[in-house]
Amino acid sequence: QAFSQFVKAKEVPAAARCSAGGEGVRWRCCWQAFEELSGIHRHVALHHAGDIGQQAGRADAERQAGLTAKEAAAGVSPPSGLAPAGNADRLTEPSSHGTPEISCTLPDTSHVSQDDLTSKVGEVLLYYCYCEVKDPEKLCAWQKALCQHLHLTGKVRVASEGINGTVGGSKVATSLYIEVMLSQPLFKDILCQEDFKSSAGGAHCFPDLRVGVFKEIVPMGIDPKIVSYKETGTHLSPQEFHREVEQYLSQASQGQSNTILLDCRNFYESKIGHFQGCLAPDIRKFSYFPSYVDENLELFKDKRVLMYCTGGIRCERGSAYLRSKAVCREVYQLKGGIHKYLEEFPDGFYRGKLFVFDERYAICSNEDIISACRYCGALWDQYKLCSSQHCRQLVLTCSSCRSKGLTACCPVCQEKELKVTSRASGETLKEECECTRKRPRVPIEQVSQRTLD
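The present account deals with the structure reproduced in this document. (Residues numbered from 1 in each chain as written. Predicted model: local features only at pLDDT ≥ 70, side-chain atom pairs only at ≥ 80, totals over all residues. Heavy atoms only, no water.)

1. A word on the environment of Ile313
Along the chain, the position of Ile313 falls in helix H11 (residues 313–324). Accessibility expressed as a relative area gives 11% for Ile313, which makes it buried. Between the C-alpha atom of Ile313 and that of Tyr130, which follows or precedes it by 183 residues, the distance is 9.1 Å. Setting aside residues up to four positions removed in sequence, Ile313 forms contacts with Tyr128, Tyr130, Asn164, Ile217 and Val218. (Helix = DSSP H or I, 4+ residues; strand = E, 2+ residues; numbered from the N terminus. Buried < 20%, exposed > 50% of the residue type's maximum accessible area, 1.4 Å probe, protein only. Contact = heavy atoms within 4.5 Å.)

2. Side note on unusual backbone geometry
In this model, His151 sits at a positive phi of 60°, which is unusual for a non-glycine residue. Examined against the element boundaries, His151 turns out to sit in the loop between helix H5 (136–149) and strand S4 (153–159). In this structure, Asp189 takes a positive phi of about 65° despite not being glycine. Looking at the secondary structure, you find Asp189 in the loop between helix H6 (171–183) and strand S6 (197–201).

3. Quick look at the pattern of salt bridges
Inspection of every chain in the model, using the stated rule, returns 17 salt bridges. Here Lys230 makes a salt bridge to Glu132, at a shortest N to O gap of 3.0 Å. Of the two residues, Lys230 sits in the loop between strand S7 (209–213) and strand S8 (234–236) while Glu132 sits in the loop between strand S3 (122–130) and H5, which places them 98 residues apart along the sequence. The salt bridge partner of Arg351 is Asp368, with a shortest N-O separation of 2.6 Å. Residue Arg351 is found in strand S13 (residues 350–355), and its partner Asp368 is found in the loop between strand S14 (362–364) and strand S15 (383–385); the two are separated by 17 residues along the sequence. In this structure Arg351 comes out as buried when scored by relative accessible area, which is 17%. Look at Asp368 and you get partly exposed, because its relative accessible area is 27%. (Salt bridge = Lys/Arg side-chain N within 4 Å of Asp/Glu carboxyl O.)

4. As for the packing of H5 against H6
Packing of H5 against H6 leaves a shortest axis separation of 11 Å and a crossing angle of 155°. In terms of their interaxial angle, H5 and H6 are classed as roughly antiparallel. By crossing handedness, the relation of H5 to H6 is classed as right-handed. Contacts between H5 and H6 pair Trp142, Gln143, Leu146 and Cys147 from the former with Tyr177, Val180 and Met181 from the latter. Counted by class, the contact of H5 with H6 contains six nonpolar, one polar and no charged residues. (Axes fitted to C-alpha atoms, helices over the stretch in contact; angles between N-to-C directions. Parallel < 35°, antiparallel > 145°, perpendicular 65-115°, else oblique. Left-handed = near helix turned anticlockwise from the far one by under 90°. Nonpolar A, V, L, I, M, F, W, Y, C, P; charged D, E, K, R; others polar.)

5. So, the sheet that holds strand S10 (residues 273–275)
Strands sit in the order S10-S13-S14 across an open sheet of three strands; the sheet is antiparallel. If you trace the sheet from one side to the other, it starts and ends with S10 and S14, each paired once. Averaged over all adjacent pairs, the angle separating strand axes in this sheet is 40°, with direction ignored. Summarising the sheet, S10 and S13 pair through three bridges and their orientation is antiparallel. For His274, the partnering residue across the bridge sits in S13 and is Arg351. On the sheet, helix H12 (residues 337–344) packs against S10, S13 and S14 and is oriented at approximately 130° with respect to S13. (Pairing = 2+ DSSP bridges.)

6. Digging into the pairing of strand S5 (residues 162–170)
Most of S5 sits inside the fold, with eight of its nine residues counted as buried. Relative to S5, S3 runs antiparallel, the two being bridged by nine bridges. Within S5, the residue paired with Tyr127 across the bridge is Gly165. Between S4 and S5, which pair antiparallel and follow one another directly, the connecting turn spans two residues.

7. Considering the environment of Lys215
Mapped onto the secondary structure, Lys215 falls in the loop between S7 and S8. Owing to a relative accessible area of 57%, Lys215 belongs among the exposed residues under this scheme. With residues up to four places along the chain from it excluded, the contact list for Lys215 reads Ala159, Glu161, Asp223 and Pro224. In terms of polar contacts, Lys215 uses its side chain to reach the side chain of Asp223, at 3.4 Å. (Polar contact = N/O pair within 3.5 Å; in protein donor to acceptor, adjacent residues only side chain to side chain.)

8. Comments concerning the sheet that holds strand S9 (residues 259–263)
Consider a sheet: its strands pair through backbone hydrogen bonds, and that pairing is either parallel or antiparallel. With parallel pairing, four strands are arranged side by side in an open sheet as S8-S12-S11-S9. Of all strands in the sheet, those bounded by a partner on one side alone are S8 and S9. Across the sheet, the mean angle from the axis of one strand to that of its neighbour is 25°, orientation sign disregarded. Of the strand pairs in this sheet, S8 and strand S12 (residues 330–334) are connected by three bridges, and their pairing is parallel. In the strand pairing of S12, His235 is matched with Gln333. The sheet contacts of helix H7 (residues 238–252) involve S8, S9, strand S11 (304–308) and S12, and relative to S11 the element is tilted by about 130°.

Next up, the structure:
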């Protein structure tokens, strides 16, 4: 309805169409003329989603105000948890189920120029918040409207257990986003300014905006009711974690350590950057982590485990799963993940690049290169997608090898790529590369002196 009303407001009156710049012109918006309905629809959808969101929000508030006025006249009280329009304090009131209501308000951007809001010079935010969400669909709809309103791109996962987001935009937009998130009653006293990790980037770091409702805010493949974030390990600040790693490396070099420094990320992440002396499971995605733990329980028996990941979220569920096995002596995790650690210790015990899940692929805090080209073995840490159309693997191949046409993730893919253009119509190819069959899904790792070196 808001979209329809917005388009209607851009109509050129029939009597003025000639003088407005052409007999066929039926709509005008942003100094552009449109003759076809599909044209104005496309323009409005691309450039005015935020305006429509605001308009819809105002309409909802007015409608609610009307309902409240009628109820008051009839002597009827509004339903529990439903705030009358104009009463901001009521938005923070908990619902009858003890869960705070979701505020669907959007920030006022009338004081911000369009150039500042859409500037390509910006940042990428990474955050998560575990909390009880009574209405994930409502939270999802608000998040989508909020991101569109601020011209943010990225990925946001919503579930009954919380929210997990990585969004990019101008610094004005990301600042407004943080401000609104911190004022959201649902996250009150849980989410704080320090929970947002930022790095140089912007909206261009993501191809689009994806907001959805899922069972888990981080895909581990275990029902949150079975393994809950509430049973997580002990959180260590970057300073505490740094001291623990320092002590671990000192003891391990003498063969006396009873601690495991565990990387919870995927193999392609740890390949280009990791903590010195870590145990990095050779897993392709986080949903394989529980299987890895199950197959290696003896390795963790009676050990102190120091866990880390990119921003901390995988450790929340990962540490809870490890603790549920009741084999470790103690389980600790790095609060804020590698992101927060590098802010305080850019030249600490983490070496190499930090893998990120956007079109940058990696960000750096030091000049170390710890990985090599897939083909020639030269030091290299810049990922590219495999050149085979059917494959989505990432590949480390240096400039010299790429210039020779070596752009696939493995010889099998390189050969298959040549056959793609000549394949019979209708023939399908696997999305996953065949070379992954050679990679053990759940390997048994051991911390050796070579790993420490």
